[in-house]
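Breakdown of the fold
If you want the building blocks of each chain, they are given just below.
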Protein chains: 2
Amino acid sequence: MRILLDVMGGDRPPGELIAGGVAAGRRHGIEMVFAGDELVVRRALDRIGVSPRDTAFSILHAPDVVRMDDAPVRAAREKRDSSLLRGLGALAEAKVDAFVSPGNTGAVVAGSLFTLGRVAAIPRPGILVALPTLEGRDLLVIDVGANADCSAEHLESFALMGVTYARSVLGIAQPSVGLLNIGEEDTKGNRLTIEAFRALRERPLDFRGNVEPHDLLTERPVDVVVCDGFVGNVLLKSVEGGVAAVTTLLKRAVVRNLITKLGAFLLQHSFRTLRATLSYSRRGGAPLLGVNGVVVIAHGRSDAEAIGSAIDVAVREVRGDVVARLARGFEGWAADGI
Amino acid sequence: MRILLDVMGGDRPPGELIAGGVAAGRRHGIEMVFAGDELVVRRALDRIGVSPRDTAFSILHAPDVVRMDDAPVRAAREKRDSSLLRGLGALAEAKVDAFVSPGNTGAVVAGSLFTLGRVAAIPRPGILVALPTLEGRDLLVIDVGANADCSAEHLESFALMGVTYARSVLGIAQPSVGLLNIGEEDTKGNRLTIEAFRALRERPLDFRGNVEPHDLLTERPVDVVVCDGFVGNVLLKSVEGGVAAVTTLLKRAVVRNLITKLGAFLLQHSFRTLRATLSYSRRGGAPLLGVNGVVVIAHGRSDAEAIGSAIDVAVREVRGDVVARLARGFEGWAADGI
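All of these numbers come straight from a predicted model, not from anything done at the bench. Residue numbers here run from 1 along each chain, matching the order of that chain's written sequence. Following the order in which they are written, the chains are lettered starting with A and the ligands numbered starting with 1. Under the rules for a predicted model, residues below a pLDDT of 70 receive no local features and side-chain atom pairs below 80 are neither given nor counted, while totals for whole chains, interfaces and linings still include all residues. The side-chain figures draw on all heavy atoms in the structure; neither hydrogens nor water molecules are used.

**Focus: the overall build of chain A**
- When helices and strands are tallied, chain A shows 13 helices and 11 strands.
- Dimensions of chain A along its principal axes, counting C-alpha atoms only, are 65 × 60 × 35 Å.
- Exposure is judged per residue with a 1.4 Å probe applied to protein chains only, and the accessible area is read against the type maximum: over 50% gives exposed, under 20% gives buried, and values in between give partly exposed. Counting across all 338 residues of chain A, residues that qualify as buried make up 58%.
- Within chain A, residue pairs in contact and separated by at least 24 positions form 71% of the contacts whose partners lie at least 6 positions apart.
- Note that accessible areas follow from Shrake-Rupley with a 1.4 Å probe, and for residues the cover is restricted to the protein chains shown. Accessible surface for chain A amounts to roughly 13,600 Å². Of this, 49% is attributable to carbon and sulfur atoms.
- In this tally, Asp and Glu contribute negative charge and Lys and Arg positive charge; neither His nor the terminal groups of the chain are included. Each charge is placed at NZ for Lys, CZ for Arg, CG for Asp and CD for Glu. Averaged over its 40 positive side-chain charges, chain A has a centre that lies 6 Å from the centre of its 40 negative ones. Counting from the N terminus, the helices are DSSP H or I runs at least four residues long and the strands are E runs at least two residues long. Should any heavy atoms of two residues lie within 4.5 Å, those residues are counted as being in contact.

**What about the pairing of strand S3 (residues 57-61) of chain A?**
- Pairing between two strands requires that DSSP report at least two bridges joining them. Bridge count for strand S2 (residues 31-36) of chain A against S3 of chain A is five bridges, and the pairing is parallel. Residue Met 32 of chain A lies in a different strand from S3 of chain A, and its bridge partner there is Phe 57 of chain A.

**What to know about the relation of the copies chain A and chain B**
- Residues below a pLDDT of 70 in either copy are left out; the C-alpha atoms of the rest, at least 70 in both, set the least-squares superposition of the copies. Once chain A is rotated about the relating axis by 180° and shifted along it by 0.0 Å, it coincides with chain B to within an RMSD of 0.1 Å. In symmetry terms, the pair is related by a two-fold rotation axis. Among all residues of chain A, the minimum C-alpha distance to the rotation axis is found for Gly 263 of chain A, at 1.9 Å.
- Mapped onto chain B, 100% of the interface residues of chain A are again interface residues, and the two copies thus contact each other with one and the same surface.

**So, the environment of Tyr 165 of chain A**
Residues and elements named next belong to chain A.
- Within the fold, Tyr 165 resides in helix H6 (residues 152-170).
- With relative accessibility at 5%, the residue Tyr 165 sits in the buried group.
- Taking the C-alpha atoms as reference points, Tyr 165 and Pro 63, 102 residues apart in sequence, are found 35 Å from one another.
- With near-sequence residues (within four places) excluded, Tyr 165 lies in contact with Leu 128, Leu 140, Leu 170, Pro 287, Leu 289, Val 313, Glu 317 and Val 322.

**With respect to the interface of chain A and chain B**
- Across the contact, 52 residues belong to chain A and 52 residues belong to chain B.
- Summing the contributions of chain A and of chain B, the shared interface buries around 4,700 Å²; its carbon and sulfur component is 75%.
- We count a salt bridge whenever a side-chain nitrogen from Lys or Arg sits within 4 Å of a carboxyl oxygen from Asp or Glu. There are two salt bridges connecting chain A and chain B.
- As a salt-bridge pair, Lys 237 of chain A and Glu 212 of chain B come within 2.4 Å of each other at their nearest N and O atoms.
- We define a polar contact as two N or O atoms separated by no more than 3.5 Å, with the added condition that, inside protein, one atom must be a possible hydrogen donor and the other a possible acceptor, whereas residues neighbouring each other in sequence contribute only through side-chain atom pairs. At the boundary of chain A with chain B, the tally comes to eight residue pairs in polar contact (both at pLDDT 80 or more).
- Of all the secondary-structure elements, those providing two or more residues to the side of chain A that touches chain B are helix H7 (191-202), helix H8 (216-219), helix H9 (229-254), helix H10 (258-266) and helix H11 (268-278) of chain A.
- Considering every element that reaches the side of chain A that touches chain B, the biggest residue donor is H9 of chain A, with 22 residues.
- Of the residues belonging to the side of chain A that touches chain B, the class tally is 27 nonpolar, 18 polar and seven charged. Defined in terms of a 1.4 Å probe, buried area is the accessible area two parts forfeit on being brought together, summed over both. In the scheme used here, Gly and all other residues not listed as nonpolar or charged are polar, with Ala, Val, Leu, Ile, Met, Phe, Trp, Tyr, Cys and Pro taken as nonpolar and Asp, Glu, Lys and Arg as charged.

Right, dumping it as structure tokens:
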């Protein structure tokens, strides 16, 4: 297996991302291709002792960079020499099995659409995240940001994509699906969710109805949660905000005096477990599903560990043969009444 | 001042809500009216030693109840003998200065619209919440659930309502406004937020552009955050979910063994401060702004303390003369280009 890592467009320096990529490549026993400025990548590889003769690690030279503040669609059309577009090109030509990037999310989505195209019958790709829950197993949420405006048809296709992913990657035989909503009753919600509710009920899915955001992490009511990309993005960032508020308050509280410092010392292992469970860096990759290729979007702030985790996600998606299964899963889908 | 409390439609027993109402009434030195079944209310008052001759506490008899699972609009039209509608009727007739209910939110909104009507020129009422932040001062968010589908015009009016409330109740001279969005750049978002952004920029407001959910509680980037009711509700419940996840994990972690138990004992004061800061019960009331009267919606799970806090919110809104100020604030608003 060969995985390509775009090392240029993230918030952290390329050297840090490359170190994470080398470690992950060795851990999985796979080949890694680093897309970026050749000199920069070569120097970073030298620094961590990777010889130019080591065939497990190669470079795809790309002189240009898509920046975080570039307009996504424009960058995806114009910056053909960027690590982002050259990397996606290598995936389209099947020179690599997966593409991982911590860069501009909108540009990755637009670039993937232009370069790879959609899986037949999937109207729009969606970004899926696996949220850690207190129940132990992850909760899948799709879409968390690829589509700011969605139709009920889009939400239906997100449901099938999420179910296919849960089956192929998590090995859940009959994944259950919930619709993110602001009330549990069947008739609750806005025009979009009310229409999507009716449509999802008619699909051959284990649809459990509406789910609300407040107990997703504590109860894990379903395997897959479906929502439009705007709402899914608000969900993710709000949960993140709630977690940040508590942990910051906690930090302030425990450094107050000697007694609380001793208390914190005795609890240090517990605090570490807490951070690890909710850690973003251990959950660093969100697959973009519905395009013709394995594309994993890493957080812009990804460090070496987070990049390693995003590569793990890509490896699992390649092994799960998700793209081919999506294509098969959506055969006849459009004819089914969409 | 006289405040009416609907004691029948919440999740907790009327006696508990009445105890909270009596305590809050005494604390503020105001009169309280309890809307509900006369026998039930009388018995609850007897139990806590409130004499029938105590003129500070009276009863508005209502034999019917709007349940949590009643269809809101239908209940608001048909259940005329419910504590919810009789209570709103008393407010409409100016027999009381404010109405507080922990009941069915949709029915409170629909009932308020039917019974009190809208403040002239305000297209739709909005529910405002004050979120505690790490910066000390609360953050106001409007709308968090009155309107599942909104237009840009609605969001503009929420902005003016939030600003009026921040001025009248929090005493902020020039409140700043942010638009809840999934990116900070001006052009980010869905159709609604892109249109609302352009419209808000033209209004005579201190509009600071888009704000994202993840740092609202830690940074408090603005005084007032504007969003559609669906997204606002998801925001609230997601933050709640994030907080619940961390605190539950923490509880599990600290009971693990003797050492962690000792650590937790030494930190017990810090944990208590943490809970108090983020406590829902201390933030129990959300004003429904834009209707002709002071209506405060309490959480369905409200206990005595939370009901007391919702009554505090109502007292502050009456003292701040918010309804009259809204009416004045919206004079000429419609002519301004909506």
